[in-house]
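Observations on the model geometry
The chain contents come next:
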Amino acid sequence: MPSQYITYMIIFTLGLSMVIITNNMFQTISDQFRLNVAEIELTQILELIQMQIQQTMLFYSDSNQTIEQQFELPPQIGQRYKYSIEITNSTRNQIILYGVSSNNDIYKSVSFSLGEKYIIRITDSSFESTNLILKLLIEKNVNEITITIS
């Protein structure tokens, strides 16, 4: 009888261990899947902002203009994955968009230029995903462009 009890305990312990290992494995896969989805969504938003800035410079060629654009983001993006987007420039001509998740798991960066003839000034601004409306303000004065994001 004691040997049967020990055998049952060993089998029970092995079974319980397998359940725990399988659960942890699926949890890890699920977390990685969520991170991948968040990274794709953040990349798409950064590319959207880049495209809008570039298109604005193509469509509006007048020397003095102020263009304000608004993007309505899907509510689930800000609720599932909290992130912030910042805009800056390292040189007079280059624009850099940074996107980072609130827990710093995801970090994306996109840099681009509008050409040598434009001098870019970036106001210190950022966008938080808890807001569903992303505003992009582009002020053009001859060949000097000021960009604000909020």
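Reading the values: the criteria
- Residues numbered from 1 in each chain as written.
- Predicted model: local features only at pLDDT ≥ 70, side-chain atom pairs only at ≥ 80, totals over all residues.
- Heavy atoms only, no water.
- Helix = DSSP H or I, 4+ residues; strand = E, 2+ residues; numbered from the N terminus.
- Buried < 20%, exposed > 50% of the residue type's maximum accessible area, 1.4 Å probe, protein only.
- Contact = heavy atoms within 4.5 Å.
- Pairing = 2+ DSSP bridges.
- Axes fitted to C-alpha atoms, helices over the stretch in contact; angles between N-to-C directions.
- Patch = residues over 30% accessible without salt bridge, like charges linked within 9 Å, V, L, I, M, F, W, Y side chains within 5 Å.
- Areas by Shrake-Rupley, 256 points an atom, 1.4 Å probe, with all protein chains shown as cover.
- Salt bridge = Lys/Arg side-chain N within 4 Å of Asp/Glu carboxyl O.
- Core = buried A, V, L, I, M, F, W, Y, C linked by side-chain atoms within 4.5 Å.

Now for the environment of Phe112. Position of Phe112 relative to the elements: it lies in strand β4 (residues 107–113). A relative accessible area of 6% means that Phe112 is categorised as buried. Through-space distance from the C-alpha of Phe112 to that of Ile96 is 6.6 Å; in sequence the pair is 16 residues apart. If near-sequence neighbours (up to four positions away) are discounted, Phe112 is found in contact with Gln50, Ile53, Gln54, Asn93, Gln94, Ile95 and Leu97.

Further remarks concern the sheet that holds strand β7 (residues 133–141). Read from one edge to the other, the open sheet built from four strands follows the order β1-β7-β8-β5, with strand pairing classed as mixed. Pairing within the sheet leaves two strands with one partner each, and these edge strands are β1 (64–72) and β5 (119–122). Adjacent strand axes in the sheet meet at a mean angle of 20°, parallel and antiparallel pairs treated alike. Here six bridges tie β7 to strand β8 (residues 144–149), and the two strands are oriented antiparallel to one another. Paired with Leu136 across the strands is Ile149, a residue of β8.

Quick look at a nonpolar patch on the surface now. Where nonpolar side chains cluster on the molecular surface, the patch consists of Tyr5, Ile6, Met9, Ile10, Phe12, Leu14, Leu16 and Ile20 and spans about 830 Å² of accessible area. Tracing the backbone shows Ile10 in helix α1 (residues 2–59). The class of Ile10 is partly exposed, set by a relative accessible area of 48%.

In a beta sheet, neighbouring strands are held together by backbone hydrogen bonds and run either parallel or antiparallel to one another. Pairing in this open sheet of four strands is antiparallel, and the strands run β4-β3-β2-β6 from one edge to the other. Looking at which strands have only one partner, the edges of the open sheet turn out to be β4 and β6 (126–128). Across the sheet, the mean angle separating the axes of adjacent strands is 15° when strand polarity is ignored. Across six bridges, the pairing between strand β2 (residues 83–88) and strand β3 (residues 94–101) is antiparallel. By the bridge assignment for β3, Thr88 is matched with Ile96.

What follows concerns the nonpolar core. Ile49, Ile53, Ile85, Leu114, Leu134 and Ile147 are the most contacted members of the largest nonpolar core, which has 29 residues in total. Mapped by element, the contributors of at least two residues to this core are α1, β2, β3, β4, β5, β7 and β8. Contacts of Leu114, omitting those with residues within four sequence positions, involve Ile53, Gln54, Met57, Asn93, Ile95, Ile120 and Ile145.

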